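Architecture at a glance
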Amino acid sequence: MKDADRAEGEQVPERGIGLSRRSLLKAMLAGAAAPALSKTGWGRAAARNPLYFPPTIYGGNVSLTCAPAQANLGGGRISNVLAYNGTFPAPTLAVRKGQFVNVVLHNGLAQETITHWHGMIVDEQNDGGPHMAIPPNGSHSYSYPVVNRAGLNFYHPHPHRLTGEQVCLGLAGALIVRDAEEDALGLPGSLYSGAPPLSVPRTRAMPFSSKYEVPLILRDANFDGSGNLRYNPGGNGFFGDTPLVNGTIEATLSVDASVYRFRVLNGSNARVMRLALSNGSMFRLIGNDGGLLEFGSQVGTFVIGPGERLDVLVDFRGYAVGTSVMLRDLDANWDLIEFLVTSSHAEGNIPSGRLSTIERLANPVRTRTFEFEGMNKVNGRSFDMNRIDFQVPFGEVERWILTTRGTAPHPVHIHGASFQVRSRTGGRGQVFPWEAGWKDTVLLLDAETVEVLIRFDRQAYYSGPQRYVIHCHKLEHEDAGMMSNFVVN
Ligand code: C2O
Ligand code: CU
Ligand code: CU
């Protein structure tokens with residue numbers, strides 16, 4: 001029996017120390033307010049479970065095996081999962097811009113799979129699109145230089161018609177890119193800790209101790225009668241009744257009264273989340289899908305769809321020991337994770353001023369329109385692995401108009417390049433602060449039309465035309481065929 005290792009990197013909050021009666025009562029109430037727990041026969045949790053930290057692998061030389069495993073979701077709740085290297089979520093990969101990622105993927109599943117590096121700018125051979133799927137026992141080798149800016153990317157399976165199931169059952173992880181621009185800001189960067197000297201310059205002064213950067217992979221889940229993850233999508237996609245953060249049910253993180261950097265990924269199959277802090281305080285938004293924004297801003301509530309990422313600072317300075325703050329999904333009325341202040345140690349600050357400089361795409365040479373329709377169509381057609389729907393030249397700025405006629409939300413994702421969101425008309429009628437800078441996934445709600453500018457840059461190592469996909473990242477829409485092949489050349 002292979003049990004995902006929960007001990008490594010786990011931050012165990014010192015329960016009972018500084019836990020005021022009020023927050024204890026709150027924790028109990030939070031337990032009582034989660035009917036999913038009693039449904040699955042686990043009984044009620046009086047205390048929340050320490051947030052799981054997947055192990056971090058530095059330097060990009062990785063062997064990844066997808067296979068069935070078992071994971072402790074917290075409080076001794078063991079679930080059968082599908083896992084990369086036996087951990088759920090998958091190991092966090094940490095690399096630097098300019099470095100090579102060398103991954104050998106082994107398929108230990110009973111069905112085909114392929115791993116896609118969502119957000120990474122790579123050629124077709126390394127993109128892990130659906131036509132690259134490998135059979136059970138097959139392998140695929142990836143080798144590519146990191147051309148991305150610093151940012152949080154998302155790796156997950158991408159086999160046609162099986163993506164939703166494989167992601168839902170546990171195959172998903174974070175790939176974090178570092179670069180010199182980010183280093184200069186002195187942001188919390190715990191993922192440096194323990195890194196081999198070759199992959200990380202150790203000369204840089206570490207302004208924060210290692211624990212102040214925390215990846216948070218958010219998603220929902222359903223369970224069968226034995227407490228195992230269950231993939232049971234409904235007609236409108238998979239919606240779970242229980243939130244997981246880094247694979248942890250009712251997660252809690254013991255925090256100092258310091259500045260924390262949370263690297264947030266909506267790793268749900270279909271669920272759009274409306275994120276806020278329970279005490280009404282603001283997040284400091286500093287980055288999104290494609291890395292740092294030009295300037296930080298104060299944001300109280302985020303709406304993010306599957307595949308979207310946020311880089312946010314939360315300032316716990318001045319909070320009394322014993323204070324409990326929940327990260328909530330206001331749409332589902334869920335407490336996703338508790339931040340429990342257990343130490344008055346205060347460090348860190350919020351960078352003011354410019355974070356980054358971002359080239360502004362302009363003067364598109366042509367316009368294309370993509371209509372996301374029903375549950376399975378882009379521009380009136382369902383995905384066909386062997387049909388190339390359009391051709392795009394390298395190096396030209398294009399305007400892509402993404403639109404829907406009902407059946408949204410559609411979180412639209414494009415492989416092969418990042419884009420910039422220029423406008424949203426209909427629906428919410430605005431571009432939000434977390435949609436500035438570089439994006440690779442943008443959320444369409446009903447009646448919305450979003451205009452983006454995009455340019456595919458030919459990297460030095462690319463040879464010949466490169467094939468990519470544009471698709472809806474509601475994974476049940478994608479699996480049903482809301483995806484289109486294109487070739488850049
Ligand atoms: Cu995250 Cu083509 O997907
Ligand atoms: Cu992608
Ligand atoms: Cu969709």
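Presented here is a report on the structure given in the accompanying data block. What you see is a predicted model, and the numbers here were worked out from it, not measured in a lab.

**Details of the overall build of the chain**
- Tallying secondary structure elements over the chain gives six helices and 33 strands in all.
- Of the contacts formed within the chain by residues at least 6 apart in sequence, a portion of 76% connects residues at least 24 apart.

**A look at the nonpolar core**
- Counting 40 residues, the largest nonpolar core has Leu 216 and Phe 262 as the members making the most contacts within it.
- At five residues, the largest contribution of residues to this core is made by strand E23 (residues 334-343).
- Counting 37 residues, the second largest nonpolar core, distinct from the first, contains Cys 66, Tyr 84, Val 122 and Leu 175.

**Examining the pairing of E23**
- Across the 10 residues of E23, eight count as buried, placing the element largely inside the fold.
- Here strand E15 (residues 251-256) pairs with E23 via six bridges, running parallel. Its bridge partner lying in E23, Val 255 is registered against Val 341.
- With antiparallel pairing between neighbouring strands as the criterion, strand E22 (residues 324-329) and E23 make up a hairpin whose turn holds four residues, including Asn 333 at a positive phi of roughly 60 degrees.

**Brief notes about the coordination of the copper ion (ligand 2)**
- In the first shell of the copper ion (ligand 2), the protein supplies His 116 (NE2) and His 413 (NE2), at 1.8 Å from the metal. Here His 116 is found in strand E7 (residues 115-118), whereas its partner His 413 is found in strand E28 (residues 410-414), with 297 residues between them in sequence.
- Take His 116: its relative accessible area is 1%, and that puts it in the buried class.

**Let's talk about the coordination of the copper ion (ligand 3)**
- The protein atoms that coordinate the copper ion (ligand 3) are His 410 (ND1), Cys 472 (SG) and His 477 (ND1), at distances of 2.0 to 2.1 Å.
- Spacing between the donor residues of the copper ion (ligand 3) along the chain follows H-x61-C-x4-H. Of the two residues, His 410 sits in strand E28 while His 477 sits in helix H6 (residues 475-480), which places them 67 residues apart along the sequence.
- Residue class for His 410 comes out buried when judged on its relative accessible area of 0%.
- Its relative accessible area of 1% is what places His 477 among the buried residues.

**Some remarks on the side chain of Glu 213**
- Considering the arrangement of structural elements, one finds Glu 213 in strand E11 (residues 213-223).
- Separated by 2.8 Å, the side chains of Glu 213 and Arg 263 make a polar contact.

**Observations regarding the sheet that holds strand E6 (residues 100-107)**
- On the basis of which strands lie adjacent, the open sheet formed by four strands has the order E4-E3-E6-E8 and mixed pairing. Looking along the sheet, the strands with just one partner apiece sit at the ends: strand E4 (78-84) and strand E8 (139-145). Taking the axes of each pair of neighbouring strands and ignoring which way they run, one obtains an average angle of 25 degrees across the sheet.
- Pairing between strand E3 (residues 61-72) and E4: seven bridges, direction antiparallel. In the sheet register, Ala 67 faces E4, and the bridge partner there is Ala 83.

**Quick word on the pattern of salt bridges**
- Inspection of the entire model under this criterion finds 33 salt bridges.
- The partner of Arg 328 in a salt bridge is Asp 335, with the nearest N and O atoms 2.7 Å apart.
- Notably, a salt bridge pairs Glu 451 with Arg 399, separated by 2.5 Å at the nearest N-O pair. Placement of the pair is Glu 451 in strand E31 (residues 449-454) and Arg 399 in strand E27 (residues 398-404), with a sequence separation of 52 residues.

**A short note on the packing of aromatic side chains**
- This structure, assessed with the given rule, holds 25 aromatic pairs.
- Judged by centre distance (5.9 Å) and plane angle (50 degrees), the ring pair of Phe 394 and Tyr 462 falls under tilted. Placement of the pair is Phe 394 in the loop between strand E26 (390-392) and E27 and Tyr 462 in the loop between E31 and strand E32 (466-472), with a sequence separation of 68 residues.
- Geometrically, the ring pair formed by Phe 432 and Trp 434 is stacked, given 4.8 Å between the ring centres and 15 degrees between the ring planes.
- A relative accessible area of 13% places Phe 432 in the buried class.
- In this structure Trp 434 comes out as buried when scored by relative accessible area, which is 4%.
- Of the aromatic side chains, those joined through ring pairs into one cluster are Tyr 212, Tyr 260, Phe 262, Phe 316, Tyr 319 and Phe 339.

**What to know about the environment of Gly 234**
- Along the polypeptide, Gly 234 turns up in the loop between strand E12 (229-230) and strand E13 (242-245).
- The spacing of Gly 234 and Glu 476 is 242 residues in sequence and 9.1 Å in space, taken between C-alpha atoms.

**A few points about the environment of Leu 402**
- With respect to the element layout, Leu 402 can be found in strand E27.
- You can call Leu 402 buried: its relative accessible area is 0%.
- Sequence separation between Leu 402 and Thr 369 is 33 residues, and the spatial gap between their C-alpha atoms is 6.1 Å.
- The residues contacting Leu 402, other than those within four sequence positions of it, are Phe 370, Phe 372, Val 412, Val 442, Leu 444, Glu 448, Thr 449, Val 450, Val 452 and Ile 470.

**Remarks on the side chain of Glu 371**
- Among the secondary structure elements, Glu 371 is positioned in strand E24 (residues 366-373).
- Side-chain polar atoms of Glu 371 contact the side chain of Arg 405, separated by 3.3 Å.
- Those residues in contact with Glu 371 that lie beyond four places of it in its chain are Lys 377, Val 378, Asn 379, Thr 403 and Arg 405.

**Structural notes on the sheet that holds E31**
- Strand order in the open sheet made by the five strands is E25-E24-E27-E31-E29, with mixed pairing throughout. With one partner strand each, in any of the chains shown, strand E25 (377-378) and strand E29 (419-425) form the two edges of the open sheet.

**Side note on the pairing of strand E16 (residues 259-266)**
- Of all eight residues in E16, eight are buried; the element is thus mostly enclosed.
- Of the two faces of E16, the one carrying Val 259, Arg 261, Arg 263 and Leu 265 and the one carrying Tyr 260, Phe 262, Val 264 and Asn 266 are both buried.
- Inspection of the sheet shows E11 paired to E16 by six bridges, in the parallel sense. Bridge assignment links Glu 213 to a residue of E16, and that residue is Arg 261.
- With seven bridges joining them, E16 and strand E21 (residues 309-315) adopt antiparallel strand pairing. Across the sheet, residue Leu 265 finds its bridge partner in E21, namely Arg 309.

Parameters and conventions
Residues numbered from 1 in each chain as written. Chains lettered and ligands numbered in written order. Predicted model: local features only at pLDDT ≥ 70, side-chain atom pairs only at ≥ 80, totals over all residues. Heavy atoms only, no water. Helix = DSSP H or I, 4+ residues; strand = E, 2+ residues; numbered from the N terminus. Contact = heavy atoms within 4.5 Å. Core = buried A, V, L, I, M, F, W, Y, C linked by side-chain atoms within 4.5 Å. Buried < 20%, exposed > 50% of the residue type's maximum accessible area, 1.4 Å probe, protein only. Pairing = 2+ DSSP bridges. Donors = N, O, S within 2.8 Å, 3.2 Å for Na, K, Ca; no water. Polar contact = N/O pair within 3.5 Å; in protein donor to acceptor, adjacent residues only side chain to side chain. Axes fitted to C-alpha atoms, helices over the stretch in contact; angles between N-to-C directions. Salt bridge = Lys/Arg side-chain N within 4 Å of Asp/Glu carboxyl O. Phe/Tyr/Trp six-rings, centres within 6.5 Å; stacked < 30°, edge-to-face > 60°.

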